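# Summary of structural features
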Amino acid sequence: SSSASIHTGNLASPGQIINTPLFANSEQSADSDADSDEDAGELLHGFGESRPAPRLECKDVTLRVVEWRRSAKKMQRTKLTVLDNCAFKAAPASVTCLLGPSGAGKSSLLDVLAGRRTSGKLQGPGCVRVDNVRTSPATLRQMSRYCPQDDVLPSRLTAFEHLTFHARLRLPSSWPDKRKVRAANRELARLGLTKAYDFDAQTTLLSKASGGQRRRVTIATELVAKNRLLFCDEPTTGLDAATALLACLRLRRVSRRGVTVVTVLHQPRPEIFWDAVDILALVVKGRVVFAGPPSLAAKKFLSRPGHAVKETLNPADAMLDAADSFPAEDLDDQDRPRAFFDDLSPAAPSSQESVVRQFDDPSIPPPRQDSTSSARRLSTESCLVNFLNAQAQQQPSALAIFYLLARREVRATIRDWPSLLLHYIPAVVIGLLLGVVYNNMPHHNDTAAGIMDRFGLSFVLCTTVGLSALSAAPRARRAARLFARERDALRDTALPSFLASTYLGDAIPLRLFPPAILAVIAAFLSSCCVSFGRVVAFVVAVVQLHYSLAAVGRFIGALAPRDAVCAGASALYLLFSLLLCGFFVSPSDLPHKFWKHVANILPAKYGYEALNAHMFYGVDDLFIVSEIGDSHVRTGPYSGNTILRCFGLDTPGHAKQKHFALAIFSISAEVASFVALKLFARERR
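What you are looking at is a predicted structure, and each value in this text was computed from that prediction instead of being measured.

Turning our eyes to something else, we now look at the overall build of the protein. Summing up its helical and strand segments, the protein has 27 helices and 13 strands in all. Across the 685 residues that make up the protein, the buried fraction comes to 54%. Intrachain contacts of the protein at a sequence separation of at least 6 include 77% that bridge at least 24 residues. Just so you have it, the protein exposes about 30,600 Å², and 58% of that area is on carbon and sulfur atoms.

Take a look at the structure:
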């Protein structure tokens, strides 16, 4: 890169875009839409209220976390200081880049600034301020966007559909839908996602996108929103050098439209160092030990005493090389970066070039700041609160959010045809097999097969629907992870997401029809029930059992921290349910009262007894045949009630109680799933 703008270190003023030849044409074409300037103007002026770009700062922030480490054959509780009396300030409408070695505290500082730190404890008087107003983490999440390191995207949507969903969800409701769609298309174009030789934003599902393409979709998801604070945690991870430069230039262009950007980067290329960043902050051992524009960073770190200057060396690499051997006096004394932060005051010029001139010429004193009175501070705080309230009023209603989520779930469910086939085809095949194996069951009433076939059919149905219900747990975990990622965009409203993902994405297509098909085919081919009414009750029992087991699986999926825990916990629950349902051991013969209580809280017990009650109802010609040696003993006839009491099971008169118990169990599990989603579905940072 030999352009003058790269080597001079001069920074563009707000509203000016650096013309890098490699991406000049794509940026100009992406901004050709007439709505772009209109969106930027509304972004700068807020929702009917003129507000400049926000100023972000923190001071004296100390963060400590607790870790358990194994030492000398025992676990020891260790307290680690992640941030140590850290100070930071981001100028309005600028891009501030956090650099530092791994484990220095860059991401932790970013999470604290964004109000998204969930682990550890902040200590001391430190706080985060926006426009000199002490701001809570909840308010920071409401007024900012956050691009995390990992990509959590709906796999059954295209990039265009995903960005359009977020545009309709996060842009003002007063905007027409066509304008929101154009905004989504612009972000796709600006990040080079419109069309490639193997990727089409309109037709390619995100499950088939590459890692770099998914990363750019994650960045575009946050850029399409309207908040004026943007935090990016390693946005260039997984991107090639050219695409990383494109993404960073896009962040800088966004900042010139009235957005304060704070990002973490690892070893940015020289063009990013000079062209895409306004302020560089070096984080070492939980402290910001240097902060300044690229020209000052290059002057300081490329000409260190005792080190030969290499013209080809990337200044960012020089900063990282110096981090490990940073002088102790600079590490202990933060006056230098704080002096720079003080120059980013409200009284300072908005152009970053003046800040560069101040550091290039130490004889120029920093501008003096007027003391802020308490009345002015209260006015600023009231203005911020009014702005956030106006912003909340412009967001979609809960009903509109549910409509958007419902459309997305229906579209994703229809496209997830392998999962649909995995539930419907086995239901038909197993139903036909059961009908063949247990064909014309009443004809076997004069032998022991008339009794054992009914018990066997009940247990096989319980096992089949239980195995089919295992898919509910991982589906619920994926839905919980997506909700945790989109929680701030959904304004922390869990109910619309729960209803859409639970019923439209799982319960209706996978938990109602497949077990009903299975039960209908098995019931009619086996003639296991004496009347049509009992067949209907039999089918309802199978559906209720499947639904209740799936509801428990959704609860496990909402709570499980990892996929392995989710799969293991749901499998163990199903195993215990089948072992204690009454097929292997009669409930009255369980060895201890504890196991009897455990069996009473498992839905498989009630489903198994309800199925047997409907199949043995109205049957009065059952016989028991025993063969011992040459003797052949046949006793009977016995009624179905007598056989059920003999095996310690409830009689058909208690069938309604079993259905009611299954209904209560399903409702309780669904309520528990919603509570788990509401309280625990959060990203851990």
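Turning our attention to the side chain of Ser471. Position of Ser471 among the secondary structure elements: in the loop between helix H19 (449-469) and helix H20 (472-486). A polar side-chain atom of Ser471 sits 2.8 Å from a polar atom in the side chain of His423. Beyond its immediate sequence surroundings of up to four residues, Ser471 is in contact with His423 and Arg511.

With that settled, consider unusual backbone geometry. The phi angle of most residues is negative, glycine excepted, and most peptide bonds adopt the trans form. With a phi angle near 50°, Asn85 is a residue other than glycine that sits in the positive phi range. Locating Asn85 in the fold gives a position in strand E2 (residues 74-90). Residue class for Asn85 comes out partly exposed when judged on its relative accessible area of 30%. Positive phi, normally seen in glycine, also occurs at Glu234, with a value near 55°. Mapped onto the elements of the fold, Glu234 is located in the loop between strand E8 (229-233) and helix H9 (241-255). Looking at Glu234, the relative accessible area reads 12%, which means it is buried.

Here helix H22 (residues 532-559) contains 28 residues, and its C-alpha end-to-end distance of 41 Å stays within 8% of the 40 Å for a straight helix at 1.5 Å per residue. Most of H22 sits out of view: 22 of its 28 residues are buried.

Below, the discussion takes up the side chain of Glu161. Counting through the fold element by element, Glu161 comes out in helix H6 (residues 159-170). Residue Glu161 is classed as buried on the basis of its relative accessible area, which comes to 16%. A distance of 2.6 Å separates polar atoms of two side chains, one belonging to Glu161 and the other to Arg415. In this structure Glu161 touches Arg411 and Arg415, once residues within four positions along its chain are discounted.

Across the sheet, 6 strands lie side by side as E7-E8-E9-E3-E10-E11; this open sheet has mixed pairing. Edge positions in the open sheet fall to strand E7 (144-147) and strand E11 (287-292), since each of these has one partner strand only. The mean inter-strand angle of the sheet, taken between neighbouring strand axes irrespective of direction, is 15°. In this sheet, strand E9 (residues 260-264) lies alongside E8 in parallel orientation, the contact comprising 5 bridges. Its bridge partner lying in E9, Asp233 is registered against Val264. Where helix H4 (residues 106-114) meets the sheet, its contacts fall on strand E3 (95-99), E7, E8, E9, strand E10 (279-284) and E11, and the angle it forms with E8 comes to roughly 155°. Lying on the sheet, helix H8 (residues 211-223) is in contact with E7 and E8; it crosses E7 at an angle near 175°.

What tends to happen in soluble globular proteins is that the nonpolar side chains get buried as a cluster. If you look at the biggest cluster of nonpolar residues, it comprises 59 residues, and the most contacted ones within it are Leu99, Ile272, Leu280, Leu282, Phe301 and Met319. Ranked by the residues each element gives to this core, the list is headed by H9, at 7 residues. Residues within four places of Met319 in sequence aside, it is in contact with Leu99, Phe273, Leu280, Leu282, Phe290, Ala297 and Phe301.

Quick look at a nonpolar patch on the surface now. Taken together, the side chains of Leu572, Leu575, Phe576, Leu579, Phe583, Phe584, Val585, Phe594 and Trp595 present a nonpolar region at the surface, about 820 Å² in accessible area. Contributions of two or more residues to the nonpolar patch are made by helix H23 (563-579) and helix H24 (593-600). Ranked by residue count, the leading element in the nonpolar patch is H23, at 4 residues. Counting through the fold element by element, Leu579 comes out in helix H23.

Turning our eyes to something else, we now look at a positive patch on the surface. Residues Arg64, Arg77, Lys79 and Lys121 make up a contiguous surface patch of positive charge. Locating Arg77 in the fold gives a position in strand E2.

This part is about the packing of aromatic side chains. If you walk through the whole model with that rule in mind, you get 10 aromatic pairs. Consider the rings of Phe498 and Phe674, whose centres lie 5.5 Å apart with planes at 65°: the pair is edge-to-face. One end of the pair, Phe498, is in helix H21 (residues 494-526); the other, Phe674, is in helix H27 (residues 655-680), with 176 residues separating them in the sequence. Residue classification places Phe498 among the buried positions, given a relative accessible area of 8%. Look at Phe674 and you get partly exposed, because its relative accessible area is 25%. Through successive ring pairs, a cluster of aromatic residues spans Phe459, Phe583, Phe584 and Tyr608.

Moving on: the environment of Ile279. Residue placement: Ile279 occurs in strand E10. When the C-alpha positions of Ile279 and Ala90 are compared, they lie 8.1 Å apart, and in sequence the two are 189 residues distant.

Predicted confidence across the protein gives a mean pLDDT of 81, with 80% of residues reaching 70 or more. Looking at the elements of the protein, mean pLDDT is at its lowest for helix H1 (residues 4-8), recorded as 31, and at its highest for H22, recorded as 95. A low-confidence stretch, residues 1-34 stays under pLDDT 50, and its non-local contacts, those more than four residues away or across chains, total 58 contacts. Counted against residues more than four places away or in other chains, residues 43-50, with its pLDDT under 50, gives 20 contacts.

Both strand E5 (residues 127-130) and strand E6 (residues 133-134) contribute to a ladder of 2 bridges, which runs antiparallel. From the neighbouring strand, Val130 faces E6, where its bridge partner is Val133. Hairpin connection of E5 to E6: 2 residues between the antiparallel strands, including Asp131 at a positive phi of 55°.

For the pair helix H17 (residues 398-415) and H21, the least separation of the axes is 8 Å and the interaxial angle reads 30°. Considering the angle they form, H17 stands roughly parallel to H21. By crossing handedness, the relation of H17 to H21 is classed as right-handed. Seen from H17, the contacting residues are Ala398, Ile401, Phe402, Leu405, Ala406, Glu409, Val410 and Thr413; seen from H21, they are Pro496, Ser497, Leu499, Ala500, Ser501, Leu504, Gly505 and Pro509. The residue inventory of the contact of H17 with H21, partitioned by class, reads 11 nonpolar, 4 polar and 1 charged.

How each quantity is defined
- Residues numbered from 1 in each chain as written.
- Predicted model: local features only at pLDDT ≥ 70, side-chain atom pairs only at ≥ 80, totals over all residues.
- Heavy atoms only, no water.
- Helix = DSSP H or I, 4+ residues; strand = E, 2+ residues; numbered from the N terminus.
- Buried < 20%, exposed > 50% of the residue type's maximum accessible area, 1.4 Å probe, protein only.
- Contact = heavy atoms within 4.5 Å.
- Areas by Shrake-Rupley, 256 points an atom, 1.4 Å probe, with all protein chains shown as cover.
- Polar contact = N/O pair within 3.5 Å; in protein donor to acceptor, adjacent residues only side chain to side chain.
- Expected span 1.5 Å × (residues − 1).
- Pairing = 2+ DSSP bridges.
- Axes fitted to C-alpha atoms, helices over the stretch in contact; angles between N-to-C directions.
- Core = buried A, V, L, I, M, F, W, Y, C linked by side-chain atoms within 4.5 Å.
- Patch = residues over 30% accessible without salt bridge, like charges linked within 9 Å, V, L, I, M, F, W, Y side chains within 5 Å.
- Salt bridge = Lys/Arg side-chain N within 4 Å of Asp/Glu carboxyl O.
- Lys, Arg positive; Asp, Glu negative; His and termini not counted.
- Charge placed at Lys NZ, Arg CZ, Asp CG, Glu CD.
- Phe/Tyr/Trp six-rings, centres within 6.5 Å; stacked < 30°, edge-to-face > 60°.
- pLDDT = per-residue confidence, 0-100.
- Parallel < 35°, antiparallel > 145°, perpendicular 65-115°, else oblique.
- Left-handed = near helix turned anticlockwise from the far one by under 90°.
- Nonpolar A, V, L, I, M, F, W, Y, C, P; charged D, E, K, R; others polar.

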